[in-house]
Amino acid sequence: MTTGPDDLHVLLGAYVLGGLSDDDHRAYSEHLRTCTQCQAELGQVSGLPRLLDLAGPEGGLHLVAPPPGAPIPLMKEPDDERVSTLLTEVGRRRRRRRTLASVLGAAAAVALFAGGAWLGPSILRATTPEPPTTHVTASAPGSAASVDVALVTRGWGTQLDLECSGLPTDSPLTLWVVDNYGKEYAAASWRAGGSGYTKLTGSTSVPTYEIKSVEVRTSMGKVVASART
Amino acid sequence: MPLDEEAVAEIYREHGPMLRRVVWRATNDANRVEDIVQEVILRVWKQAPQADNLRAYLITTARHLIVDQHRAAGRRPQEATLTEIAERDSALDQALDQVLVEEALGRLQDNHRDVVRCLYYQRLSVAEASLRLGVPEGTVKSRAYYAVRNLRVILDEMGVTR
Ligand SMILES: [Zn+2]
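What counts and what doesn't
Residues numbered from 1 in each chain as written. Chains lettered and ligands numbered in written order. Predicted model: local features only at pLDDT ≥ 70, side-chain atom pairs only at ≥ 80, totals over all residues. Heavy atoms only, no water. Helix = DSSP H or I, 4+ residues; strand = E, 2+ residues; numbered from the N terminus. Contact = heavy atoms within 4.5 Å. Patch = residues over 30% accessible without salt bridge, like charges linked within 9 Å, V, L, I, M, F, W, Y side chains within 5 Å. Areas by Shrake-Rupley, 256 points an atom, 1.4 Å probe, with all protein chains shown as cover. Salt bridge = Lys/Arg side-chain N within 4 Å of Asp/Glu carboxyl O. Lys, Arg positive; Asp, Glu negative; His and termini not counted. Charge placed at Lys NZ, Arg CZ, Asp CG, Glu CD. Buried < 20%, exposed > 50% of the residue type's maximum accessible area, 1.4 Å probe, protein only. Pairing = 2+ DSSP bridges. Donors = N, O, S within 2.8 Å, 3.2 Å for Na, K, Ca; no water. Tetrahedral: all angles 85-135°; square planar, octahedral: opposite > 155°, others 65-115°. Phe/Tyr/Trp six-rings, centres within 6.5 Å; stacked < 30°, edge-to-face > 60°. Lys NZ or Arg CZ within 6 Å of the ring centre and 35° of its normal. Polar contact = N/O pair within 3.5 Å; in protein donor to acceptor, adjacent residues only side chain to side chain. pLDDT = per-residue confidence, 0-100.

1. Describing the overall build of chain A
Counting secondary structure elements, chain A contains seven helices and eight strands. Counting only contacts in chain A whose residues sit at least 6 apart along the sequence, the fraction spanning at least 24 positions is 59%.

What follows is the structure in structure tokens.
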């Protein structure tokens, strides 16, 4: 079958996907040389074949029949219980509490991250309004630094309420906030009292949702406690 | 603030199933799916509840969360070279794109998807597709045109821009 000149634009689809007869292919290639509309449209869709290839030789799950009896665990519609869990969390996020894990140094802090201290979603598992608190104790005897931080969303940024114990008393301490882009901001600095127990409030203009992690460091830059939000 | 709650519930109802599929297929970890999905929705709600392209925003946020977790679960940064990290991230990006392309194909109209299957994946000619699908060749051609256009729009909506 051949195609009249008025129908030529439409051949773009089969030109990109493949399957045009030699005559149609020749006719459309010719048309493409002068039709700016088709040139522009082709520019938008010419990357599609490479993307379609990502879905595998058969086009992935929507193009091949699923094996019989295969479980489709995630096709369930969201139920009201999940929505209400989510809404509970919405309220809670106006005042979030996070517990910073105590560590001995930067390397240990990394190990802690690697251990899966991703605190965000664990909050969501709570069924009661009381947020969970995770205390991680350093393995070295005598060091039990623990920092509990509440991130409070404010119009100007984020307020950080800290309750610390077991912090080193031999150095000034600084609370650092790291945002999603990796930029660091000092949000408070203090010196731990003799008992190592301190309660203080810091602040930063970084919005709560942009805070990726929070760290307490000594003046030498040693990380004594850190947590991801 | 009831507006917040309505917005979140609406995002969840409208985009939850899609997000859940994407996250599940990208992480292969059914236990984490619901957590990640909810976290994504909460973050997006905070950042851009009125975003024009909410779907792309949700998927981009999910991508960041998954990549972050992926890194956190991996080796210590000082033991991995930058090249290794880049390779791992690009492999993950590719896995996510794969999931998104499959998702996009699933969102195509049935008769458009049939044409993509015949012409692209099964390498049939327009004439063969016409026989296979029982429609005139002209219909195959016009469906191919709209399939391609719509697929591009759906992928753009998902933030797959390449
Ligand atoms: Zn044209």
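Back to the text.
2. Quick look at a negative patch on the surface
Taken together, the side chains of Glu-5, Glu-6, Glu-10 and Glu-14 of chain B present a region of like negative charge at the surface. As for its placement among the helices and strands, Glu-14 of chain B is situated in helix 1 (residues 2-27).

3. Thoughts on the pairing of strand 4 (residues 172-179) of chain A
All names here are of chain A. Within strand 4, six of the eight residues are buried, which leaves it mostly tucked inside the rest of the structure. For strand 4 and strand 5 (residues 184-191), the ladder comprises seven bridges, and the chain directions are antiparallel. Within strand 5, the position partnered with Val-178 by the bridge is Glu-184. Hairpin geometry of strand 4 and strand 5 is characterised by an intervening segment of four residues between the two adjacent antiparallel strands and by a positive phi of about 85° at Gly-182. Examined bridge by bridge, strand 4 and strand 7 (residues 211-218) share seven bridges and lie antiparallel to one another. Bridging from a neighbouring strand, Val-177 pairs with Val-214 of strand 7.

4. Notes on the coordination of the zinc ion
Protein coordination of the zinc ion is provided by His-9 of chain A (ND1), His-31 of chain A (NE2), Cys-35 of chain A (SG) and Cys-38 of chain A (SG), with donor distances spanning 1.9 to 2.3 Å. Taken together, the four donor atoms coordinating the zinc ion span angles of 104 to 114° at the metal, a pattern that classifies the geometry as tetrahedral.

5. A look at unusual backbone geometry
Residues other than glycine predominantly adopt negative phi, and peptide bonds predominantly adopt the trans conformation. Residue and element names in this part refer to chain B. Here Arg-123, not a glycine, exhibits a phi torsion of approximately 60°, which is positive. Looking at the element boundaries, Arg-123 is found in the loop between helix 5 (110-121) and helix 6 (126-133). Take Arg-123: its relative accessible area is 53%, and that puts it in the exposed class.

6. Remarks on the packing of aromatic side chains
Residues and elements named next belong to chain B. Summed over all chains, the structure comprises three aromatic pairs over all chains. Arranged with centres 5.2 Å apart and planes meeting at 90°, the rings of Tyr-120 and Tyr-121 form a pair that is edge-to-face. In this structure, Tyr-120 and Tyr-121 share a single accessibility class: buried. Taking NZ or CZ as reference, Arg-123 lies 4.5 Å from the ring centre of Tyr-120, over its face.

7. Let's talk about the environment of Arg-123 of chain B
When sequence neighbours within four positions are dropped, the list of residues in contact with Arg-123 of chain B reads Leu-17 of chain A together with Cys-118 and Glu-128 of chain B. A polar side-chain atom of Arg-123 of chain B sits 3.4 Å from the main-chain carbonyl oxygen of Leu-17 of chain A. Here the side chain of Arg-123 of chain B touches Tyr-120 of chain B through a polar contact of 3.4 Å, landing on its backbone oxygen.

8. A short note on the confidence of the model for chain A
All names here are of chain A. For chain A, mean pLDDT is 69; residues scoring 70 or higher make up 62% of the total. Residue range residues 67-77 is modelled with pLDDT below 50. Its contacts to residues more than four positions away, or to other chains, number eight contacts. Predicted confidence for residues 101-142 stays below pLDDT 50, and this span has 89 contacts to residues more than four positions away or in other chains.

9. Quick notes on the pairing of strand 7 of chain A
All names here are of chain A. The buried count for strand 7 comes to seven of eight residues, which makes it a mostly enclosed element. When strand 7 meets strand 8 (residues 223-228), the two strands line up antiparallel, connected through five bridges. The partner of Val-214 across the bridge, within strand 8, is Ala-227. From the end of strand 7 to the start of strand 8, which pair antiparallel, there are four residues, and Gly-221 there has a positive phi angle of about 90°.

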